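Reading the structure
Okay, here's what each chain looks like letter by letter:
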Amino acid sequence: MKKLLLLFAVIPFFLTAQEKYTINGNITDAANGEALIGATVLVKELGTGNITNVYGFYSITLPKGDYTVEYRYIGFVTQTKTVSLDQNIRIDIELAEEQTQLKEVVVTARPEDENVTSTEMSVAEIDIQTVRMMPAILGEVDIIKSLQLLPGVSTVGEGASGFNVRGGSVGQNLILLDEAPVYNSSHLLGFFSVFNPDAVKDMKLYKGAIPAQFGGRLASILDIRMKEGNNKELEVNGGIGTIFSRISVEAPIKKEKSSFIIAARRSYADILARPFVEELRNGAALNFYDLTMKTNYRFSDNDQIFLSGYFGQDNFMFDADQGFSWGNRTSTVRWNHLFNDRLFSNFTFFFSDYEYELAFGDNPRDRFEWNSDINTLALKPSFTYFIDQKNELTFGGEFYNYVFEPARARGISDGDVIDISVPDKRSIESALYVNNEQKISDNLSVQYGLRFSYFNLLGEGNKFILGDTIPGRRRPIENIEVVEKGESIASYNGWEPRVSFRYQLNKTTSIKGSYNRMLQYIHLISNTTASNPLDLWTPSSNNLKPQIGQQWAVGLFKNLKSNRYETSVEFYYRKTARQLEYINGADLLINEALEADLLAGDGRAYGMELYIKKNSGRLNGWVSYTLGRTELQTVGINKGEWYPTRYDQTHNFKVTGFYELNNRWSLSSTFSYISGTPTTFPTSRYEVQGITIPHNANDSRNNVRLPEYHRLDFSATRKGRAVRKDGTPRKNRDELVFTVYNIYNRANPFSIYFWQGGDRVDPGALADTRATQVSIFASFIPSITYNFKF
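The notes below deal with the structure included here. (Residues numbered from 1 in each chain as written. Predicted model: local features only at pLDDT ≥ 70, side-chain atom pairs only at ≥ 80, totals over all residues. Heavy atoms only, no water.)

1. Considerations on the overall build of the chain
In terms of regular secondary structure, the chain is built from six helices and 53 strands. Taken over the C-alpha atoms alone, the chain extends approximately 100 × 85 × 50 Å along its principal axes. Looking at the chain as a whole, 54% of its 790 residues qualify as buried. For the chain, the accessible area works out to roughly 34800 Å², and carbon and sulfur atoms hold 57% of it. Across the chain, 85 positive and 90 negative side-chain charges occur, with their mean positions spaced 7 Å apart. (Helix = DSSP H or I, 4+ residues; strand = E, 2+ residues; numbered from the N terminus. Buried < 20%, exposed > 50% of the residue type's maximum accessible area, 1.4 Å probe, protein only. Areas by Shrake-Rupley, 256 points an atom, 1.4 Å probe, with all protein chains shown as cover. Lys, Arg positive; Asp, Glu negative; His and termini not counted. Charge placed at Lys NZ, Arg CZ, Asp CG, Glu CD.)

See the structure below:
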């Protein structure tokens, strides 16, 4: 008892001796009030500090004393403050952009040495200004296409929706727009992404070392943050391009307290062609449009609310009654609240919906109609506690409510309506997580976290009991149980540990490593060459179990010549359990017993990623190279042996370059070389009465590779004059962008199919069969775009 009393007597003395106070605040762009994500706050006396979060907030807790604090952000003027810290202090900083006569191109907005000093690894980031400088198809800037120029990110070909990360499928990526999931990220069947670059502030792709606050997918998390809107003055941005135009308007509602941004795009190829194409005058359509909106209001230094929304639609109509359309809709409400100087919170509520419709038949008495939908409602409270300059604790939870509408379909024959709809499905998913980033010493830092997730598929609905069969065949239905509304059909849960470390070898070199385990409860069903808008999402069930993914990664990171160059090499190994695969001839659409056609296999992906980047200067850019292998092993497929996935690419080599000629002219170019992707060809054939029947004698899958893919693109940008003839600066800015896509007319293969000629075959003669290569673009594509800002 005496020892306990002594301890309580000593504690107040110890706390007094260790008296600490907190400096916190927000760092914003002085020109428009936008929060600067990842700005550095450095305490010079200690050689340590912090970076701002995704809302521009920072907090540092230090012992009582006098300090010199530097506020830095690449491309902005550094500010220095002298602080006498004897109480908690709030310091909000506005950083002004650097102005030089001939401004060097900067291809990063991160701190100069962050890739070496940060615990973060396996992350792909491109500043939105860099994305704007890249050559793009038809001159239209595209966020998703730009990410494919970085190591570990690929696609199966031109015109393919989505992207693949470290051997993961398209459905294993979680794409977030202001925290709301986007289920189809493509416009125009994959040629453009749904994200308007004029409304995007920041994007980050996690390929590995995924923090505990993220979950739900195995391969990657793409976190896209929208602009808040200029809270200083009216700003209008836009562009007039070859096939579509865009415009964005942002302005303060109440200066420096509230602002908004509205951004819109629409394609108009069908409008321009309407006078010359009769079908377009009779109701046919080929277009897309989207609208992005956001507003915010700061009630006090401790409270701020954000409202954001997205609406996008694609229309591919053969006439007024036939065709298909698809689109995403999201809306997000977020409340930032600062409980005290160290505890920052964010409460998010969002709605997300993806829907497509399909209709055939121009006679109302003979017609087919089908629509499918997935919508999500979610609540996500999250908290960040800045313990001290060495520990940053993040914790929170998530709750999702899913409604799946696989098919609301009906066929009309001679006026008789046949309803072939598939019943809706409802499920809930929730998670709790905690994550800490800790600086153990000057050389060693770690990030460790734990996530617990839970999933429940709820009635009402049918619970199919499937029997066993020959591996690789459709499983028979042995029984159907009717489950009442609100009752559980199947439930799952699991732990998802995450850990990563950074060890600093010297000022310019570090090694990093990471491990993460992920669970995925909802699945994208697609067995086509590339994902398309008619693919559907389905939840885990008693027959379809959650996919489980684990990834290990290790890398060496080194900067050269005062951080002018950065290099890295990473090695990764991914292991997947219960990965989706399909029986031959799987019936995936309008099939209530879909699970009988699905298989569960084991997946593995491993490889090396090399990245060399010149960060600044008149000539800069990067080189990326990925050497990888992605394979599946599924009982009943390929005789149970490992085989490559459809998106396996052995070599993926990309070069991106920028050159600033002078104040008005700049050039950029990209080159891509990718190994051919696998596909399945028949190994033999039968001929019966002149008809050729292909046959795969070995039951092999993805047994042949397409020819390799390579392409060179180029663009030149001519900026308008910055000053008038009388020497006064122009407030308005404009530029012309000239782009040539696929300069040397490469006919890259998307797929190869076989067909038989229509002529009658003479007895004893062989049928005329041919292989035909499909190329999306077989020639160069020039374009011109006019961009403006005022």
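Alright, that's what it looks like, and here's the rest.
2. Notes on the sheet that holds strand S10 (residues 123-124)
In space, the five strands of this open sheet follow the order S10-S17-S18-S13-S14, with mixed pairing throughout. The open sheet has two free edges, formed respectively by S10 and strand S14 (180-181), since each of these has just one partner strand. Looking at chain direction, S10 and strand S17 (residues 200-206) are connected through two bridges and run antiparallel. Paired with Val 123 across the strands is Tyr 206, a residue of S17. (Pairing = 2+ DSSP bridges.)

3. A closer look at empty space enclosed by the protein
For the structure shown, the criterion picks out 13 cavities of 30 Å³ or more. Mapped onto the lining of the largest cavity, the elements with two or more residues apiece are helix H4 (143-147), strand S44 (665-674) and strand S49 (709-719). For the lining of the largest cavity, the per-class residue count stands at 17 nonpolar, 13 polar and six charged. (1 Å grid on protein atoms, 1.4 Å probe; cavity = no way out; pocket = protein on both sides within 12 Å on 5 of 7 lines; lining within 4 Å. Points joined across faces, edges and corners; volume = space filled by probe spheres on them. Nonpolar A, V, L, I, M, F, W, Y, C, P; charged D, E, K, R; others polar.)

4. A word on the pairing of strand S47 (residues 691-695)
Note: strand S46 (residues 684-688) against S47, five bridges, orientation antiparallel. Looking at S47, one finds that Ser 684 is bridged to His 695. The turn linking S46 back onto S47 is made up of two residues, and Gln 689 within it adopts a positive phi angle of 50 degrees.

5. Regarding the packing of aromatic side chains
Tallied over the entire structure, the rule returns 38 aromatic pairs. Relative to Trp 537, the ring of Tyr 183 has its centre 5.5 Å away and its plane inclined at 70 degrees; by these criteria the two rings are edge-to-face. One end of the pair, Tyr 183, is in the loop between S14 and strand S15 (186-187); the other, Trp 537, is in strand S36 (residues 536-539), with 354 residues separating them in the sequence. No difference in accessibility class separates Tyr 183 from Trp 537, as the two residues are buried. Centre to centre, the rings of Phe 452 and Trp 495 are 4.8 Å apart; their planes meet at 55 degrees, and the pair counts as tilted. Separated by 43 residues along the polypeptide, Phe 452 in strand S30 (residues 444-458) and Trp 495 in strand S33 (residues 488-506) bring together distant segments of the chain. One aromatic cluster is present, built from ring pairs that chain together Tyr 55, Phe 57, Phe 306, Phe 344 and Phe 386. A cation over an aromatic ring shows up here: Lys 512 above the ring of Phe 557, its NZ or CZ 4.4 Å from the ring centre. (Phe/Tyr/Trp six-rings, centres within 6.5 Å; stacked < 30°, edge-to-face > 60°. Lys NZ or Arg CZ within 6 Å of the ring centre and 35° of its normal.)

6. Remarks on the nonpolar core
Ile 525 and Leu 598 are the most contacted members of the largest nonpolar core, which has 44 residues in total. No other element matches the five residues that strand S27 (residues 391-413) contributes to this core. Ignoring sequence-local partners within four residues, the contact set of Ile 525 consists of Asp 535, Leu 536, Thr 538, Leu 580, Tyr 582, Leu 588, Leu 594 and Leu 598. Counting residues in hydrophobic clusters, the runner-up holds 29 residues, among them Met 134, Ile 144, Val 182 and Val 200. (Core = buried A, V, L, I, M, F, W, Y, C linked by side-chain atoms within 4.5 Å. Contact = heavy atoms within 4.5 Å.)

7. Points about a nonpolar patch on the surface
Together, Leu 307, Val 333, Phe 349, Leu 377, Leu 379 and Phe 399 make up an exposed nonpolar region whose accessible area comes to about 510 Å². Tracing the sequence through the fold places Leu 377 in strand S26 (residues 366-388). Residue class for Leu 377 comes out partly exposed when judged on its relative accessible area of 36%. (Patch = residues over 30% accessible without salt bridge, like charges linked within 9 Å, V, L, I, M, F, W, Y side chains within 5 Å. Salt bridge = Lys/Arg side-chain N within 4 Å of Asp/Glu carboxyl O.)

8. What about the layout of surface pockets?
Its boundaries defined by the atoms lining it, the second largest pocket holds a volume of some 1100 Å³. In this structure, the second largest pocket is lined by 46 residues; those nearest its centre are Ser 526, Asn 527, Thr 528, Glu 581 and Arg 646. Those elements giving two or more residues to the lining of the second largest pocket turn out to be strand S35 (522-525), strand S38 (565-582) and strand S51 (751-756). At four residues, S38 tops the list of elements feeding residues into the lining of the second largest pocket.

9. Observations regarding the environment of Arg 629
By secondary structure assignment, the location of Arg 629 is in strand S41 (residues 619-633). Considering only alpha carbons, one finds Arg 629 and Gly 167, 462 residues apart in sequence, at a separation of 7.3 Å. Excluding its chain neighbours within four sequence positions, the residues that come into contact with Arg 629 are Arg 604, Ala 605, Tyr 606, Asp 648, Thr 650 and Arg 705. Separated by 3.2 Å, the side chains of Arg 629 and Asp 648 make a polar contact. (Polar contact = N/O pair within 3.5 Å; in protein donor to acceptor, adjacent residues only side chain to side chain.)

10. Considerations on the pattern of salt bridges
Tallied over the entire structure, the rule returns 42 salt bridges. For the salt bridge of Arg 90 with Asp 301, the shortest nitrogen-to-oxygen distance reads 3.9 Å. Placement of the pair is Arg 90 in strand S7 (residues 89-90) and Asp 301 in the loop between strand S22 (285-300) and strand S23 (303-317), with a sequence separation of 211 residues. Residue classification places Arg 90 among the partly exposed residues on the basis of a relative accessible area of 26%. Beyond isolated ion pairs, a larger network of salt bridges with shared partners links Glu 34, Asp 178, Glu 179, Lys 201, Asp 223, Arg 225, Glu 228, Lys 294, Arg 334 and Lys 380.

11. Looking at the sheet that holds strand S3 (residues 48-51)
What the four strands build is an open sheet, ordered S3-S2-S5-S6; its pairing is antiparallel. The outermost strands of the open sheet, each flanked by one partner alone, are S3 and strand S6 (79-85). On average, each strand axis in the sheet is inclined to that of its neighbour by 25 degrees, with strand direction left out of account. Strand direction decides the pairing type here: strand S2 (residues 40-43) and strand S5 (residues 65-72), joined by four bridges, are antiparallel. Bridging across to S5, Thr 40 finds its partner in Arg 72. (Axes fitted to C-alpha atoms, helices over the stretch in contact; angles between N-to-C directions.)

12. Considering unusual backbone geometry
Omega for the peptide link from Gly 459 to Glu 460 comes to 15 degrees, which places this bond in the cis form. As for its position among the elements, Glu 460 is in the loop between S30 and strand S31 (461-466). Positioned with a positive phi, Arg 166 is a non-glycine residue whose angle comes to about 45 degrees. With respect to the helices and strands, Arg 166 occurs in the loop between strand S12 (164-165) and strand S13 (173-177). Overall, Arg 166 belongs to the buried group, its relative accessible area being 1%. With phi around 55 degrees, Asn 702 is a residue other than glycine that occupies positive phi space. Among the structural elements, Asn 702 can be located in the loop between S47 and strand S48 (704-705). Assessed through its relative accessible area of 12%, Asn 702 is described here as buried.

13. Points about the pairing of S44
Burial of S44 is one-sided: the residues Ser 666, Ser 668, Thr 670, Ser 672 and Ile 674 facing one way are buried, the residues Trp 665, Leu 667, Ser 669, Phe 671 and Tyr 673 facing the other way are not. Relative to S44, strand S43 (residues 651-660) is paired through nine bridges, and the arrangement is antiparallel. Residue pairing for S44: Val 655 is matched across the bridge by Phe 671. Between S43 and S44, which pair antiparallel in sequence order, lie four residues. Of the strand pairs in this sheet, S44 and S49 are connected by ten bridges, and their pairing is antiparallel. The residue bridging Ser 669 from the neighbouring strand is Phe 714, located in S49.

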